Amino acid sequence: MNIKVCGLRKAENIEALKQLEIDWMGFIFYKNSPRDVSQEESLKSLLIDENWASEIKKVGVFVNIRIHDILHYVHDYHLDYVQLHGNESPEYCQELNTLWSMSSMRKAKIIKAFSIATEEDFQYVRTYERHCAYFLFDTKGELPGGNGVTFNWDLLKHYQGITPFLLSGGISEAEVPAIRKLDAPQLFGVDINSKFEISPALKDIEKVKRFVQALKN
């Protein structure tokens, strides 16, 4: 089970998380988020450091921005994945992949986030199958993400696609037993954020550590 810790910004916090058995770190490039990193020059230096642990993948989270800007963020921050959390179309994803295939700039893989409230929401997912490495299923709410509540995970049985997915939305330590019991063949990992925070973008290392140990062991 892969674990992604999202909404990071503070260097010391990131360095402490590197010592845990996590797989992905998420960095939010969205000016309306309290966890926005798009103006953090010091963070850029950390992410492009050649000593960055290669086994921990860097994910940039974006909401409805220009494709041109994503290309530059991937290049400038050495991102491994882009997580699209807005209304980006299948054609948008296809264009990104096409540009990367034709360019010498750093390339990334696409994670497309979807807000889930009913089984019908999975019908929309199908049109993205050919363009994305992973999906992320989140709770439908007022915000593009980070609403801090879980959705009805029984709905996951209606996902019949072939693209592996990350489970997101208000996950805390209390959800570990339910996650371990999920019968979802394409479940690749979980995405955690607000339930592990002391304040926006500052994670409680001990909480994350307990979660990682409980889920992986």
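These figures come from a predicted structure and were not determined experimentally.

**Remarks on the layout of surface pockets**
Line of reasoning, step 1. Within this model, the second largest pocket holds a volume of roughly 230 Å³.
Line of reasoning, step 2. Gly86, Asn87, Ala113, Phe114 and Ser115 are the residues nearest the centre of the second largest pocket, which is lined by 14 residues in total.
Line of reasoning, step 3. At the level of secondary structure, the elements contributing two or more residues to the lining of the second largest pocket comprise strand S5 (109-116) and helix H5 (121-125).
Line of reasoning, step 4. Top element by residues in the lining of the second largest pocket is S5. It accounts for 4 residues.

**So, the environment of Val176**
Line of reasoning, step 1. In this fold, Val176 is placed in helix H6 (residues 176-181).
Line of reasoning, step 2. Sequence spacing of Val176 and Tyr128 is 48 residues, and the spatial spacing of their C-alpha atoms is 29 Å.
Line of reasoning, step 3. Residues contacting Val176, with those up to four places away along its chain left out, are Phe211, Ala214 and Leu215.

**Focus: the nonpolar core**
Line of reasoning, step 1. In this structure, Phe27, Ile70, Val82, Leu96, Phe137 and Phe211 are the most contacted members of the largest nonpolar core, which totals 61 residues.
Line of reasoning, step 2. For this core, the leading source of residues is helix H3 (residues 67-77), giving 6 residues.
Line of reasoning, step 3. Sequence-distant contacts of Phe137, defined by excluding residues within four places in its chain, comprise Phe114, Ile116, Phe122, Val125, Phe151, Leu156, Tyr159, Phe165, Leu166, Leu167 and Ser168.
Line of reasoning, step 4. Of all hydrophobic cores here, the second largest spans 8 residues; its members include Ile111, Ala113, Leu136 and Leu166.

**Looking at the packing of aromatic side chains**
Line of reasoning, step 1. In the structure shown here, the tally under the stated rule is 23 aromatic pairs.
Line of reasoning, step 2. A ring pair is formed by Phe135 and Tyr159, whose centres lie 6.3 Å apart and whose planes are at 70 degrees; its orientation type is edge-to-face. Separated by 24 residues along the polypeptide, Phe135 in strand S6 (residues 134-139) and Tyr159 in the loop between S6 and strand S7 (165-167) bring together distant segments of the chain.
Line of reasoning, step 3. Judged by its relative accessible area of 0%, Phe135 is buried.
Line of reasoning, step 4. Grouping aromatic residues by their ring pairs yields a cluster made of Phe114, Phe122, Tyr124, Tyr128, Phe135, Phe137, Tyr159 and Phe165.
Line of reasoning, step 5. Positioned above the aromatic ring of Phe114 is the side chain of Lys112, whose terminal nitrogen or guanidinium carbon lies 5.0 Å from the ring centre.

**Notes on H3**
Line of reasoning, step 1. Considered for burial, the residues of H3 that qualify are Ile67, Ile70, Leu71, Tyr73, Val74 and Tyr77. The buried residues of H3 occupy one face: seen down the axis, they fall within an arc of 165 degrees.
Line of reasoning, step 2. On its buried side, H3 packs onto helix H2 (41-47), strand S3 (57-62), strand S4 (81-84) and helix H4 (90-102).

**Observations regarding the side chain of Lys58**
Line of reasoning, step 1. In this structure, Lys58 sits in strand S3.
Line of reasoning, step 2. Of the buried charged residues, Lys58 lacks a salt bridge, with Asp80 as the closest side chain of opposite charge at 5.0 Å.
Line of reasoning, step 3. Polar side-chain contacts of Lys58 include one of 2.7 Å to the backbone oxygen of Leu47.
Line of reasoning, step 4. At 3.2 Å, the side chain of Lys58 forms a polar contact with the backbone oxygen of His78.
Line of reasoning, step 5. Apart from residues no more than four positions distant in its own chain, Lys58 is found in contact with Met25, Phe27, Leu47, Trp52, Tyr77, His78, Leu79, Asp80 and Tyr81.

**Focus: the pattern of salt bridges**
Line of reasoning, step 1. Inspection of the entire model under this criterion finds 10 salt bridges.
Line of reasoning, step 2. Between Lys18 and Glu15 there is a salt bridge; the shortest N-O distance is 3.6 Å.
Line of reasoning, step 3. Among the salt bridges present, the one from Arg106 reaches Asp80, with a minimum N-O distance of 3.1 Å. With a gap of 26 residues between them, Arg106 in the loop between H4 and S5 and Asp80 in the loop between H3 and S4 connect regions that are remote in the sequence.

**Things to note about the sheet that holds S4**
Line of reasoning, step 1. Strand order in the closed barrel formed by 8 strands is S1-S2-S3-S4-S5-S6-S7-S8, with parallel pairing between adjacent strands. Taking each pair of neighbouring strands and ignoring which way they run, the sheet shows an average axis angle of 30 degrees.
Line of reasoning, step 2. Direction of pairing for S5 relative to S6: parallel, over a ladder of 6 bridges. Counterpart to Phe114 in the pairing with S6 is Phe137.
Line of reasoning, step 3. Helix-sheet contacts for helix H7 (residues 205-216) involve strand S1 (2-5) and strand S8 (187-192), and the interaxial angle to S1 is about 165 degrees.

Cut-offs applied
Residues numbered from 1 in each chain as written. Predicted model: local features only at pLDDT ≥ 70, side-chain atom pairs only at ≥ 80, totals over all residues. Heavy atoms only, no water. 1 Å grid on protein atoms, 1.4 Å probe; cavity = no way out; pocket = protein on both sides within 12 Å on 5 of 7 lines; lining within 4 Å. Points joined across faces, edges and corners; volume = space filled by probe spheres on them. Helix = DSSP H or I, 4+ residues; strand = E, 2+ residues; numbered from the N terminus. Contact = heavy atoms within 4.5 Å. Core = buried A, V, L, I, M, F, W, Y, C linked by side-chain atoms within 4.5 Å. Buried < 20%, exposed > 50% of the residue type's maximum accessible area, 1.4 Å probe, protein only. Phe/Tyr/Trp six-rings, centres within 6.5 Å; stacked < 30°, edge-to-face > 60°. Lys NZ or Arg CZ within 6 Å of the ring centre and 35° of its normal. Arc of directions from axis to C-beta. Lys, Arg positive; Asp, Glu negative; His and termini not counted. Salt bridge = Lys/Arg side-chain N within 4 Å of Asp/Glu carboxyl O. Polar contact = N/O pair within 3.5 Å; in protein donor to acceptor, adjacent residues only side chain to side chain. Pairing = 2+ DSSP bridges. Axes fitted to C-alpha atoms, helices over the stretch in contact; angles between N-to-C directions.

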